[in-house]
Amino acid sequence: MLPLRFSSKPIQLLIWTLGLVSAAQAQEQVLNIYSARHYQTDEALYSDFTKATGIRINRVDTDDAGLLARLKSEGANSPADVVLLVDAARLWKAETENLFLPIKSAVLDQRIPAHLRGKDSGTGTAWFGFSTRARIVVYNKMSVSKDDVDTYEELADPKNKGRICLRSGSHPYNLSLFGALYEHLGAERTERWLNGLVANLAREPKGGDTDQIRAAASGECSVAITNSYYLARMMRSSKPEDRATVEKLGVVFPNQQSWGTHMNIAGGAVARHAKNRDNAVRFLEYLSSPAAQVYFANGNNEWPAVPGIRASNPALEAMGNFKSETIPISAVGANLPKVQVLLDKAGLK
């Protein structure tokens, strides 16, 4: 029997081809983002980053709580490189749970104001704000005078008894507001304020911010606390019922004669176990660029975090200019455990 003979050329070609595929995979630049943002305008944000850098983005979209639970369960095996969240309280909580990797970036330090980012631990900063939203007051113009609700402190005044609508006191949006008030007022005055707020509620806290806006317009209550972008959405809505709701309401940016209106943030961080760290830092720096700031802010009717950049948004322009507080947002987060104790005492759930 003649021995079998094989040409080495096909085998060499196969090895060479596999080598090219392996090299191409090794050279491909990717970025894995875990995002709690769900806005159509963000698609342009991601695609522009890929066009400019060649870095392909993979994305997991879920809510903040689900996202953080996933990060914790995955641990060191997590593929996440960048984490995008929509509240300072959540960013602070994730930092305390060691889910972020502190970074040093001259670009971000120069562009993002110090009060809109995490506290530098010495090894770097864990998170950065990229857009801002105000915690405003809306009131029924038929039954309430603006002068009665133009400060947060007045919401706890007996003159507003039975007027206030509020979502859950333990929701991060309210926790951040309460944390800011704790920073301004101290423990004793904040406790009195929370007790007064509870006494002035028109009903038990329920629903989201949009529900509070509608309740104030309908007469279920007459004063509500909401993030500014919820009202901006209704102002830009084409639905007749939304327009009718907005027509009945006045808007207050509280504390214009003192420390200014409380501001919260949407922000981002590098994940603790990021495999593509350099790409992650590059993406966060990109979010601070002028074009990205407009995309990022307009995606949810917010204001850019970088000073001097203006987003073209008719609803925000209609709300006008206002004085915003400048306390460190990281301090607001650090106050949350103390605030929670006061909430429990006040019975505000």
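Above this text you will find the structure in question.
A brief report on the enclosed structure follows. These figures come from a predicted structure and were not determined experimentally. (Residues numbered from 1 in each chain as written. Predicted model: local features only at pLDDT ≥ 70, side-chain atom pairs only at ≥ 80, totals over all residues. Heavy atoms only, no water.)

## Some remarks on the overall build of the protein
Each helix and strand counted, the protein has 14 helices and nine strands in total. Going through the 349 residues of the protein one by one, you find that 52% of them count as buried. Summed over its atoms, the accessible surface of the protein is roughly 16,200 Å², and 53% of this surface lies on carbon and sulfur atoms. Computed over 41 positive and 36 negative side-chain charges, the separation of the two mean positions in the protein equals 4 Å. (Helix = DSSP H or I, 4+ residues; strand = E, 2+ residues; numbered from the N terminus. Buried < 20%, exposed > 50% of the residue type's maximum accessible area, 1.4 Å probe, protein only. Areas by Shrake-Rupley, 256 points an atom, 1.4 Å probe, with all protein chains shown as cover. Lys, Arg positive; Asp, Glu negative; His and termini not counted. Charge placed at Lys NZ, Arg CZ, Asp CG, Glu CD.)

## Some details on the side chain of R135
With respect to the helices and strands, the residue R135 is situated in strand β4 (residues 128-140). Classification of R135 by relative accessible area gives buried; the value is 1%. At 2.6 Å, the side chain of R135 and the side chain of D209 are in polar contact. (Polar contact = N/O pair within 3.5 Å; in protein donor to acceptor, adjacent residues only side chain to side chain.)

## What about the packing of aromatic side chains?
For any pair of aromatic rings, geometry is given as the distance between the ring centres together with the angle between the planes. Counting across every chain of the model gives ten aromatic pairs. Centroid distance F49 to F283: 5.1 Å. Interplanar angle 85 degrees. Geometry classified as edge-to-face. Residue F49 is found in helix α2 (residues 42-53), and its partner F283 is found in helix α10 (residues 277-287); the two are separated by 234 residues along the sequence. An aromatic cluster is present here, built from Y46, F49, F283 and Y286 joined pairwise through their rings. Note that R37 overlies the ring of F296, its terminal NZ or CZ placed 3.7 Å from the centroid. One cation-aromatic arrangement involves R233 over Y230; the distance from NZ or CZ to the ring centre is 5.2 Å. (Phe/Tyr/Trp six-rings, centres within 6.5 Å; stacked < 30°, edge-to-face > 60°. Lys NZ or Arg CZ within 6 Å of the ring centre and 35° of its normal.)

## Some details on the layout of surface pockets
Of the volumes computed, that of the largest pocket is approximately 590 Å³. Lining the largest pocket are 23 residues, and of these T132, W303, P304, I309 and F322 sit closest to its centre. Contributing elements (two or more residues each) for the lining of the largest pocket: β9 (303-304) and α12 (314-319). Its boundaries defined by the atoms lining it, the second largest pocket holds a volume of some 260 Å³. What lines the second largest pocket is a set of 15 residues, among which K146, V251, V252, F253 and Q256 lie closest to the centre. At the level of secondary structure, the elements contributing two or more residues to the lining of the second largest pocket comprise β7 (249-252) and α12. Here the residues of the lining of the second largest pocket sort into seven nonpolar, six polar and two charged. (1 Å grid on protein atoms, 1.4 Å probe; cavity = no way out; pocket = protein on both sides within 12 Å on 5 of 7 lines; lining within 4 Å. Points joined across faces, edges and corners; volume = space filled by probe spheres on them. Nonpolar A, V, L, I, M, F, W, Y, C, P; charged D, E, K, R; others polar.)

## Observations concerning the state of the cysteines
Throughout the structure, instances matching the rule amount to one disulfide. The disulfide bridge from C165 ends at C221, spanning 2.1 Å between sulfur atoms. Judged by the sign of its S-S torsion, about -120 degrees, the bond between C165 and C221 is left-handed. Here C221 lies in the loop between α7 (209-218) and β6 (223-227) and C165 lies in strand β5 (residues 164-165), a separation of 56 residues in the sequence. By relative accessible area, C165 is classed as buried at 0%. (Disulfide = S-S within 2.5 Å.)

## As for the pairing of strand β3 (residues 82-85)
The alternating pattern of β3 places V82 and L84 and V83 and L85 on opposite faces, both of which are buried. Of the strand pairs in this sheet, strand β1 (residues 30-35) and β3 are connected by three bridges, and their pairing is parallel. Of the residues in β3, the one forming a bridge with I33 is V82. Here four bridges tie β3 to strand β8 (residues 263-270), and the two strands are oriented antiparallel to one another. Its bridge partner being in β8, V83 is matched across the sheet by A269. (Pairing = 2+ DSSP bridges.)

## Overview of the packing of α2 against α10
The contact between α2 and α10 brings their axes to 11 Å, and the two run at 120 degrees. Here α2 is positioned oblique relative to α10, judged by the angle of their axes. Where α2 crosses over α10, the two elements pack in a sense that is right-handed. Here α2 contributes A44, L45, Y46, D48, F49 and T53 to the contact with α10, which in turn contributes N279, R282, F283, Y286 and L287. Here the residues of the contact of α2 with α10 sort into seven nonpolar, two polar and two charged. (Axes fitted to C-alpha atoms, helices over the stretch in contact; angles between N-to-C directions. Parallel < 35°, antiparallel > 145°, perpendicular 65-115°, else oblique. Left-handed = near helix turned anticlockwise from the far one by under 90°. Contact = heavy atoms within 4.5 Å.)

## Digging into the pattern of salt bridges
In this structure the tally under the stated criterion is 20 salt bridges. The residue E188 makes a salt bridge to R192 at a minimum N-O spacing of 3.1 Å. Highlighted residues: E188 and R192, both in helix α6 (residues 172-199), separated by four residues, approximately one helical turn. Through salt bridges with shared partners, one network takes in D148, E154, K159 and R163. (Salt bridge = Lys/Arg side-chain N within 4 Å of Asp/Glu carboxyl O.)

## Details of the nonpolar core
Counting residues in hydrophobic clusters, the biggest one holds 78 residues, and the most contacted among them are L31, L85, F100, F283, L284 and L287. Looking at which element gives the most residues to this core, the answer is α10, with six residues. The residues touching F283, leaving out its near neighbours within four places in the chain, are L31, I33, Y46, F49, I57 and V82. (Core = buried A, V, L, I, M, F, W, Y, C linked by side-chain atoms within 4.5 Å.)

## Considering helix α9 (residues 240-247)
Those residues of α9 not exposed but buried are D242, T245 and V246. All buried residues of α9 lie within an arc of 95 degrees about the axis, which places them on one face of the element. Exposed side chains of α9 directed beyond 90 degrees from the buried face belong to P240 and E247. Contacts from the buried residues of α9 go to α7, α8 (228-236) and β7. (Arc of directions from axis to C-beta.)

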